[in-house]
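Residues per chain are reported as follows:
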Amino acid sequence: MQKNILLIGGSYGIGASIAAKLKENHNVIIASRSNVNIPNGITHLTFDALKDDIKTLDLPEKIDGLVYCPGSINLKPFKMMSHESFIQDMELNFHSLVRVVHGLLPKLKNADQASLVFFSTVAVKVGMPFHTSVSASKGAIEGFAKAFAAEYAPNFRVNVIAPSLTDSPLASKLLNNDAKKEKMAERHPLKKVGTTDDIASMAAFLLNDESQWITGQVFGVDGGLSTLNVN
Ligand SMILES: NC(=O)c1ccc[n+]([C@@H]2O[C@H](COP(=O)([O-])OP(=O)(O)OC[C@H]3O[C@@H](n4cnc5c(N)ncnc54)[C@H](OP(=O)(O)O)[C@@H]3O)[C@@H](O)[C@H]2O)c1
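These figures come from a predicted structure and were not determined experimentally.

Caption draft 1: Structural view of the overall build of the protein chain. Counting secondary structure elements, the protein chain contains six helices and seven strands. Element order for the protein chain, N to C, with α for helix and β for strand: β-α-β-β-β-α-β-α-α-β-α-α-β. Taken over the C-alpha trace, the protein chain has a radius of gyration of 17 Å; the compact-globule value for 231 residues is 17 Å, and the two agree within 12%. Expressed as lengths along the three principal axes of its C-alpha atoms, the size of the protein chain is roughly 50 × 35 × 35 Å. Put simply, the protein chain has 231 residues, and 52% of those count as buried. Restricting the contact set of the protein chain to residue pairs at least 6 apart, pairs at least 24 apart contribute 68%.

Caption draft 2: Representation of the pairing of strand β4 (residues 65–68) within the structure. Of the two faces of β4, the one carrying Gly-65 and Val-67 and the one carrying Leu-66 and Tyr-68 are both buried. Judged from the four bridges that link them, strand β1 (residues 4–8) and β4 form a sheet pairing that is parallel. Within β4, the position partnered with Ile-5 by the bridge is Gly-65. With four bridges joining them, β4 and strand β5 (residues 114–119) adopt parallel strand pairing. By the bridge assignment, Val-67 is partnered in β5 with Val-117.

Caption draft 3: Local environment of helix α1 (residues 13–22). Of all 10 residues making up α1, seven are buried, and the element is well covered by its neighbours. Every buried residue of α1 is listed here: Gly-13, Ile-14, Gly-15, Ser-17, Ile-18, Ala-19 and Leu-22. Elements in contact with the buried residues of α1: β1, β2 (27–32), β4, β5 and α6 (196–207).

Reading guide: rules and limits
Here the residue numbering is sequential within each chain, running from 1 through the sequence in written order. Totals for whole chains, interfaces and linings use all residues, but because this is a predicted model, local features are given only for residues with pLDDT of at least 70 and pairs of side-chain atoms are given and counted only at 80 or more. To obtain the side-chain values, all non-hydrogen atoms of the structure were included, while hydrogens and water were left out. Secondary structure elements are defined from DSSP: runs of H or I of at least 4 residues count as helices, runs of E of at least 2 residues count as strands, and each element is numbered from the N terminus. Values of the radius of gyration come from C-alpha atoms, whereas the globule rule sets the reference at 2.2 Å times the count of residues to the power 0.38. Only protein chains enter the accessibility calculation, which uses a 1.4 Å probe; a residue whose area is less than 20% of its type maximum is buried, one above 50% is exposed, and one in between is partly exposed. Here, residues are in contact when the closest pair of their heavy atoms is within 4.5 Å. A pair of strands counts as paired when DSSP detects no fewer than two bridges linking them.

Structure below.
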């Protein structure tokens with residue numbers, strides 16, 4: 001069955017790979033600030049999750065799938081991490097997500113069973129230095145997602161993907177030469193960093209009906225980093 005899938009973000013990065021996987025069989029709408037890379041067959045709506053009200057967008061009356069992609073990788077020692085940075089990370093990763101979900105409730109309720117997919121990070125499960133701000137804001141998403149999944153079951157399914165380092169524009173500073181890529185790959189039991197496709201495959205699965213008995217979960221898609229110690 002064709003679904004209306006709304007991606008907040010998707011002009012590049014993991015969201016663009018999700019759109020590429022779904023566009024053949026579903027009506028995919030990308031709401032993001034820029035529209036340079038939007039493939040044919042996908043609707044783009046200009047939207048800034050930090051500022052704009054999702055209710056003002058021209059969206060279908062029924063939304064079957066929602067993915068919230070905006071996120072940050074703001075890594076610094078805690079003593080250098082200003083309180084303002086914590087607020088900014090919380091605003092983009094968490095508060096804007098909550099505003100979007102609030103605004104879309106009536107349209108999500110019109111679906112037989114809406115599927116919502118959010119992004120956390122491997123650094124919530126595995127404590128990592130310099131990650132205090134991003135881990136705090138992504139941890140908020142994990143807590144929210146489980147409570148929200150419980151409150152809206154069986155009408156909505158709500159799941160979280162917690163990736164490790166994935167080669168997207170967001171991670172470009174950490175992967176901008178071969179030496180960095182090799183070092184980062186070496187940290188993972190599967191000896192590579194993620195591709196946007198690796199993460200998008202899990203998102204596409206969670207959005208379609210093959211995952212219809214799965215809700216309230218946090219899935220590590222992380223090359224084994226969060227669970228295996230092979231060194
Ligand atoms: N890449 C990694 O290593 C990694 C690791 C762990 C977790 N994650 C999480 O996975 C998610 C996706 O990451 P990614 O690597 O694909 O990020 P990305 O490369 O930065 O892509 C983010 C997407 O979101 C859109 N976006 C950003 N800010 C927005 C805003 N204010 N309003 C609307 N759209 C906005 C961007 O489009 P526009 O610029 O056009 O708005 C873009 O399409 C994020 O939540 C991230 O925290 C990523």
